Amino acid sequence: SSGINAEYGDMFEQYIIEFRDAFHKVCYAEADKFEDSKAEFIKKLPKRLEEIEKFIGAGPYALGERITYVDFLALEFLDIVAIFTPDHFKSGSVADYLNRMKNLPPMKKFYESEDCTHNSYPIMAPYATWPGWPNKE
C-alpha cells in the first residue's frame, strides 16, 4: 500500500504543478489579456479546488496522517492562489487544509517572521502582470 500512496502523492504533485502552470500563464499574461485570463482562471477555480478536495480526502494531509513534501508543495502554491483570490479560500476543506499546514509550528513561526518572503518580496517576478506585491497596509 505504500506504493499506492507514493503513486497517489505523485498524482497530487502533478496536479499541483499543472494548476501552478495555469496560474503562471495568468500572472504573466500580456497586460491587455490579463483580465480575461484572470476571469477564465477564476471561472475554473471551483472545479480545481474540488479536485484538490478529493486528493486531501479525510486528511489531515494528502496521504492521510503522514505529511509529505507534496503537502508543502501544495501549501506554497495554494497560499499564493489564496492571496490572488482570497474569496475562494474563506471556508471549505481546502481552506481548512491550508490553515492546518500554515499552523504547523515551524510554518506558523515562518509566516509570522520577518523572513517570510510574502511580507517583503513580490510572489512572481516584479515584471509580471500580477507580481503579487506584499500588502503594506
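As a starting point, this report considers the structure included with it. Only a predicted model underlies this, so the values are computations on that prediction, with no experimental measurement involved.

## Remarks on the side chain of aspartate 79
You can see aspartate 79 is positioned in helix H3 (residues 69–84). Look at aspartate 79 and you get buried, because its relative accessible area is 3%. Reaching out from aspartate 79, the side chain makes a polar contact with the side chain of lysine 102 at a distance of 2.9 Å. Sequence-distant contacts of aspartate 79, that is, excluding residues within four places in its chain, are made with Ala74, Leu98, Lys102, Tyr111 and His118.

## Notes on unusual backbone geometry
Cis geometry is found at the peptide bond from glycine 59 to proline 60, where omega equals 5°. By the secondary structure assignment, proline 60 is in the loop between helix H2 (34–56) and H3.

## Observations concerning the pattern of salt bridges
The final tally for this structure, using the stated rule, is nine salt bridges. In this structure, the salt-bridge partner of arginine 48 is glutamate 18, at a minimum N-O distance of 3.0 Å. Pair noted here: arginine 48 is in helix H2 and glutamate 18 is in helix H1 (residues 2–27), with a separation of 30 residues, a long-range link. A relative accessible area of 13% places arginine 48 in the buried class. A residue is classified by how much of its surface remains accessible, and glutamate 18, at 39% relative accessible area, is partly exposed.

## What about helix H4 (residues 93–102)?
Among the residues of H4, those classed as buried are Val94, Ala95, Tyr97, Leu98 and Met101. All buried residues of H4 lie within an arc of 160° about the axis, which places them on one face of the element.

## Notes on the packing of aromatic side chains
Here a ring pair, both rings aromatic, is described through the centre-centre distance and the interplanar angle of the planes. Applying the stated criterion to the full structure yields 14 aromatic pairs. With 5.6 Å between their ring centres and 70° between their planes, phenylalanine 110 and tyrosine 111 make a pair best called edge-to-face. An aromatic cluster is defined as three or more aromatic residues linked by ring pairs; in this entry it consists of Tyr8, Phe12, Tyr15, Phe19, Phe23, Phe41, Phe55, Phe77, Phe84 and Trp130. Between lysine 38 and the ring centre of phenylalanine 84, over which it is positioned, the NZ or CZ distance is 5.3 Å.

Definitions and cut-offs
Residues numbered from 1 in each chain as written. Predicted model: local features only at pLDDT ≥ 70, side-chain atom pairs only at ≥ 80, totals over all residues. Heavy atoms only, no water. Helix = DSSP H or I, 4+ residues; strand = E, 2+ residues; numbered from the N terminus. Buried < 20%, exposed > 50% of the residue type's maximum accessible area, 1.4 Å probe, protein only. Polar contact = N/O pair within 3.5 Å; in protein donor to acceptor, adjacent residues only side chain to side chain. Contact = heavy atoms within 4.5 Å. Salt bridge = Lys/Arg side-chain N within 4 Å of Asp/Glu carboxyl O. Arc of directions from axis to C-beta. Phe/Tyr/Trp six-rings, centres within 6.5 Å; stacked < 30°, edge-to-face > 60°. Lys NZ or Arg CZ within 6 Å of the ring centre and 35° of its normal.

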